[in-house]
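Here is how the chains run, residue by residue.
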Amino acid sequence: MTASVPPPHDPPPSDPVAVPPRPKKQRRPIRPWQWMLLGAAIPVILLLALVLILPLVMNALMGGGPGSGPGETEYRVERVTLAQGVTLPGTIEPTQRLDLSFASPGEVTLVAVNVGDTVTPGTVLATIDDTDLRAAVTDARAETDAAWKDYQDARRSGQSAAISATRSAHAVKAQALKDAEQALEKAKLTSTIDGVVAAVNVQRGQLAGEPGASLGQDPGAADVVVISRAFQVKASVGGAERTRLAKGMEAVVTSSSAKEPLRGTVTALGVVAEATAEEGKPSAASFPLVVTLEGQPTDVFAGSPATIEVLADAGAEPALAIPVEALMMRDSETKGMVLVRRGTEPIPTDVTLGSESNGMIEVTAGLNEGDVVVFFPMTGGPGGAVGPGVVAAQPSEEPKR
């Protein structure tokens with residue numbers, strides 16, 4: 001018989017050994033000097049990112065890579081002669097205007113003109129009843145004569161106190177007579193210029209000084225308004241353009257009411273700046289300008305808009321200039337920023353701006369002749385916009401000369 005072999009026995013289970021948990025590592029608190037170091041490092045990091053990374057990001061957004069690439073246009077700064085003409089919007093106004101009103105109350109007895117009538121110096125426009133005014137002049141003259149007699153009597157008496165008193169009394173009466181005579185004179189409204197009646201705000205039978213309800217005029221309106229037949233155009237010119245203008249320069253004025261352009265001359269150019277502000281734009285300085293039109297044009301009307309083209313001196317010296325589209329930023333009329341290639345990267349550079357003409361703008365500070373300005377048209381073809389009111393130029397492989 002074969003002896004049976006007992007089955008192998010499994011090893012006895014070992015007793016589990018308890019493993020103690022690892023102690024938690026405590027974080028060391030951040031000390032104050034570490035916070036100060038971190039706060040000082042953040043602005044430095046942001047500034048480096050702005051200077052070093054911004055040009056690369058802009059180039060990538062515009063379709064180019066590092067250095068000159070697609071979508072990037074270069075312009076080599078050079079001296080050019082800018083067109084010297086300055087075009088400005090303006091408003092046509094008469095060179096002379098009479099706002100005539102009665103100085104004393106009284107019933108209007110005559111209205112001799114209508115709107116559009118031609119008048120000359122001495123033309124009677126309207127009158128009021130002057131009965132009371134004539135009586136006032138008669139009484140004032142009598143009182144003045146009496147005061148003069150009293151003064152003469154005091155002189156003959158030789159008393160200095162009486163002389164001084166009567167002299168003062170006569171002066172008061174003489175002034176009263178003068179005022180009465182002027183009031184009587186103003187009972188008749190008379191033109192003192194060659195012109196045209198622009199407004200009539202009184203009617204016969206109306207009490208002077210009271211607005212005519214049937215006429216619908218404002219209470220403060222003059223009774224009769226006369227304007228000259230000679231006209232001028234008033235406008236405002238910016239500080240950059242003002243340096244190119246002067247009194248005596250010729251100008252051409254166009255208006256929707258005039259069939260042909262009108263010629264004129266700059267007769268006034270302000271020397272005190274007036275601050276103007278447009279919504280969303282910084283304030284800019286402007287100067288008043290007046291162009292007087294030649295002759296007495298018949299197809300021109302006061303209050304009409306007009307366009308002035310001042311024909312400035314064509315003998316201006318060449319100046320450093322860049323395309324307007326090359327401006328990356330424009331803070332005001334005379335301040336802006338461009339990208340200038342320094343080595344392999346374009347660097348933001350502040351510039352001072354001057355006059356602008358035909359898509360070019362003068363740079364008076366910030367650039368040197370031969371500098372290469374880099375800009376990025378947003379669209380590839382000519383006429384693509386690079387910003388509000390700016391037109392892009394055709395990209396070129398080589399800098400323009």
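Numbering of residues begins from 1 in every chain and follows the order in which that chain's sequence is written. pLDDT decides what is reported in this predicted model: residues at 70 or higher carry local features, side-chain atom pairs at 80 or more are listed and counted, and totals for whole chains, interfaces and linings draw on all residues regardless. Heavy atoms from the whole structure form the basis of all side-chain values; hydrogens and water molecules are not counted.

**Q** Before we go on, may I ask you to explain the pattern of salt bridges in this structure?
**A** By definition here, a salt bridge exists when the distance from a side-chain nitrogen of Lys or Arg to a carboxyl oxygen of Asp or Glu is within 4 Å. As enumerated under the stated definition, the model contains 11 salt bridges in all. Ionic pairing is found between Glu93 and Lys234, a salt bridge with its closest N-O pair at 3.5 Å. Taken together, the residues Glu93 in strand 3 (residues 86–94) and Lys234 in strand 11 (residues 231–238) connect sequence positions 141 residues apart. Overall, the relative accessible area of 38% leaves Lys234 in the partly exposed class. Put simply, Asp99 and Arg97 hold a salt bridge, and the shortest N to O gap is 2.9 Å. The buried label applies to any residue whose accessible area, calculated with a 1.4 Å probe on protein chains only, is under 20% of its type's maximum; exposed applies above 50%, and partly exposed to all values in between. Residue Asp99 is classed as partly exposed on the basis of its relative accessible area, which comes to 43%. On the basis of relative accessible area, Arg97 is assigned to the exposed category, the value being 53%. Secondary structure follows DSSP: runs of H or I at least 4 residues long count as helices, runs of E at least 2 residues long count as strands, and numbering of each begins at the N terminus.

**Q** What am I meant to see in the sheet that holds strand 5 (residues 108–111) here?
**A** The strands making up a sheet associate through backbone hydrogen bonding, with each pair oriented either parallel or antiparallel. One open sheet holds the three strands; their spatial order is 5-7-8, and the pairing between them is antiparallel. Taken across any chain shown, the strands that pair with only one partner, and hence form the sheet edges, are strand 5 and strand 8 (188–190). Averaged over all neighbouring strand pairs, the angle between strand axes comes to 15 degrees, with direction disregarded. Pairing between two strands is assigned when DSSP locates at least 2 bridges connecting them. Summarising the sheet, strand 7 (residues 124–128) and strand 8 pair through three bridges and their orientation is antiparallel. Bridging from a neighbouring strand, Thr127 pairs with Lys188 of strand 8. Throughout, an axis means a line fitted to C-alpha atoms (over the contacting stretch in the case of helices), and angles, computed between N-to-C directions, take values from 0 to 180 degrees.

**Q** Teacher, can you tell me more about the environment of Glu345 here?
**A** Looking at the secondary structure, you find Glu345 in strand 20 (residues 345–357). The sequence separation of Glu345 and Val374 amounts to 29 residues, and the corresponding C-alpha distance is 9.6 Å.

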